Amino acid sequence: MITTATTTAEPGGTGRPAPPVLSPALRATLGPAAVLAALVVLLLGVLYGGRGGPGAVDERIAAALDGVRPPWRTLALSVDFLGEPAGAAALIAVAVAGCLLLRRPRAAVFVVLGTGVPVVATTLLKHVVGRTINGGHLSYPSGHTAFLTALALVAGVLLAGRLGLARVPGALLVLTGALVAGGAMGWAQVALDAHYPTDTVGGWCTALALVPALARLIDRTADRRAARTAATGRPARP
């Protein structure tokens, strides 16, 4: 069932309803996309589980990127830093601060969970799948790729909702941003020999599978809390 409105009051006493993080226009598109992405994660995990080397597709792509030299290597290292703890924390802090300045606490929660949960999921999946690279380092799926893809998805979802975009342009905005961000990080990981190409595909799909579901979970939780608050007659909190 699709919820088309929410009763959570905006901070500041305006009485206007707080907007959902996932607009109704995007739910019909991102829901099936998330299911398809989850299936890709599962399929690649089964295909490459327990392996310690590249597949045929990995070899072809990696060969094309072999021997990255400056300034491309420097660029790859810079992109890679965005997925490291310090770089990721800085990006999340800026995004959360922006949401709070716009008085969108629900969006701030979405930023934290929407980026954090996919990274945790990739960490757990690495141990389940058991694929290795470079002397035994767990590699599938790529957490760096999942993080930057998730951040782009979160930003796209929030921007599409704020602009009031319809289903098709909204989905194009969200998915294009995710492709650019995930593609850039995936390229960096393969160029630096940190992951196989299929690891990065798995990371990208992990983010796409989880972010829409997290958005719906946040919206439903906030809406139920607002409904309980309204039923007791107490003023709703931000």
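In this report, the structure presented in the accompanying data block is examined. Treat the numbers as computed from the prediction; the structure is a model and nothing was measured.

### Observations concerning the pattern of salt bridges
Next up, step 1: One pass over the full model with this rule turns up four salt bridges.
Next up, step 2: Close ionic contact of D219 with R106 constitutes a salt bridge, the shortest N to O distance being 2.9 Å. Pair noted here: D219 is in helix α8 (residues 197-232) and R106 is in helix α5 (residues 105-129), with a separation of 113 residues, a long-range link. For the pair shown, D219 and R106 are each scored as buried.
Next up, step 3: Between R131 and D199 there is a salt bridge, with the nearest N and O atoms lying 3.0 Å from each other.

### Section: the environment of V211
Next up, step 1: Looking at the element boundaries, V211 is found in helix α8.
Next up, step 2: Through-space distance from the C-alpha of V211 to that of V111 is 9.7 Å; in sequence the pair is 100 residues apart.
Next up, step 3: Among residues more than four places away in sequence, those in contact with V211 are F110, G114, P118, A150, L153 and V154.

### Side note on helix α7 (residues 167-191)
Along an α-helix, residues three or four positions apart point the same way, because every turn accommodates 3.6 residues.
Next up, step 1: The terminal C-alpha atoms of α7, which comprises 25 residues, lie 35 Å apart, in line with the 36 Å expected from a rise of 1.5 Å per residue.
Next up, step 2: The complete set of buried residues in α7 reads G170, A171, V174, A178, A181, G182, M185, G186, A188, Q189, V190 and A191.
Next up, step 3: At its buried positions, α7 is contacted by α1 (24-48), α2 (56-64), α3 (72-81), α6 (143-163) and α8.

### Thoughts on the packing of α6 against α8
Next up, step 1: Where α6 meets α8, the axes come as close as 8 Å, and the angle between the chain directions of the two elements is 35 degrees. In the crossing of α6 with α8, the sense of the turn from one axis to the other is right-handed. Residues T145, A146, T149, A150, L153 and V154 of α6 form the contact with α8, whose participating residues are T200, G203, W204, A207, L208 and V211.

### A few points about the packing of α3 against α7
Next up, step 1: Following both chains from N to C, one finds α3 and α7 inclined at 120 degrees, their axes separated by 9 Å at the closest point. Here α7 runs oblique to α3, going by the angle between their axes. Crossing handedness for the pair α3 and α7: left-handed. Contact with α3, carried on its side by W72, R73, L75, A76, V79 and D80, involves A184, M185, W187, A188, Q189 and A191 of α7 and no other residues of that element.
Next up, step 2: In terms of residue class, the contact of α3 with α7 is built from nine nonpolar, one polar and two charged.

### Quick look at the packing of aromatic side chains
Next up, step 1: Within the structure shown, the criterion is met by one aromatic pair.
Next up, step 2: When the ring centre of Y48 is taken as origin, the NZ or CZ atom of R131, which lies over that ring, is 4.0 Å away.

### With respect to the side chain of H195
Next up, step 1: When you line up the elements, H195 lands in the loop between α7 and α8.
Next up, step 2: Judged by its relative accessible area of 9%, H195 is buried.
Next up, step 3: Here the side chain of H195 touches S139 through a polar contact of 2.9 Å, landing on its backbone oxygen.
Next up, step 4: Setting aside residues no more than four positions away along its own chain, H195 makes contact with K126, I133, S139, P141, S142, Q189, V190 and T200.

### Some details on the nonpolar core
Next up, step 1: One finds L26, F110, L153, V157, L158 and V174 to be the most contacted residues of the largest nonpolar core, which totals 34 residues.
Next up, step 2: Secondary-structure elements contributing two or more residues to this core are α1, α4 (85-101), α5, α6, α7 and α8.
Next up, step 3: Top contributing element to this core by residue count: α8, with eight residues.
Next up, step 4: Look past the residues within four positions of L158 in its chain and what remains in contact with it is V21, C99, R104, A107, F110 and V111.
Next up, step 5: In this structure, A88, L148, A181 and M185 belong to the second largest nonpolar core, which totals 13 residues.

### Quick word on unusual backbone geometry
Next up, step 1: Cis geometry marks the peptide bond from P70 to P71; its omega dihedral reads 5 degrees.
Next up, step 2: Examined against the element boundaries, P71 turns out to sit in the loop between α2 and α3.
Next up, step 3: Here Y140 and P141 are connected by a cis peptide whose omega angle stands at -5 degrees.
Next up, step 4: By secondary structure assignment, the location of P141 is in the loop between β2 (137-138) and α6.
Next up, step 5: The phi angle at R103 is positive, at roughly 60 degrees, despite the residue not being glycine.
Next up, step 6: By secondary structure assignment, the location of R103 is in the loop between α4 and α5.
Next up, step 7: Although it is not a glycine, D193 sits at a positive phi angle of roughly 60 degrees.

Analysis parameters
- Residues numbered from 1 in each chain as written.
- Predicted model: local features only at pLDDT ≥ 70, side-chain atom pairs only at ≥ 80, totals over all residues.
- Heavy atoms only, no water.
- Salt bridge = Lys/Arg side-chain N within 4 Å of Asp/Glu carboxyl O.
- Helix = DSSP H or I, 4+ residues; strand = E, 2+ residues; numbered from the N terminus.
- Buried < 20%, exposed > 50% of the residue type's maximum accessible area, 1.4 Å probe, protein only.
- Contact = heavy atoms within 4.5 Å.
- Expected span 1.5 Å × (residues − 1).
- Axes fitted to C-alpha atoms, helices over the stretch in contact; angles between N-to-C directions.
- Left-handed = near helix turned anticlockwise from the far one by under 90°.
- Parallel < 35°, antiparallel > 145°, perpendicular 65-115°, else oblique.
- Nonpolar A, V, L, I, M, F, W, Y, C, P; charged D, E, K, R; others polar.
- Phe/Tyr/Trp six-rings, centres within 6.5 Å; stacked < 30°, edge-to-face > 60°.
- Lys NZ or Arg CZ within 6 Å of the ring centre and 35° of its normal.
- Polar contact = N/O pair within 3.5 Å; in protein donor to acceptor, adjacent residues only side chain to side chain.
- Core = buried A, V, L, I, M, F, W, Y, C linked by side-chain atoms within 4.5 Å.

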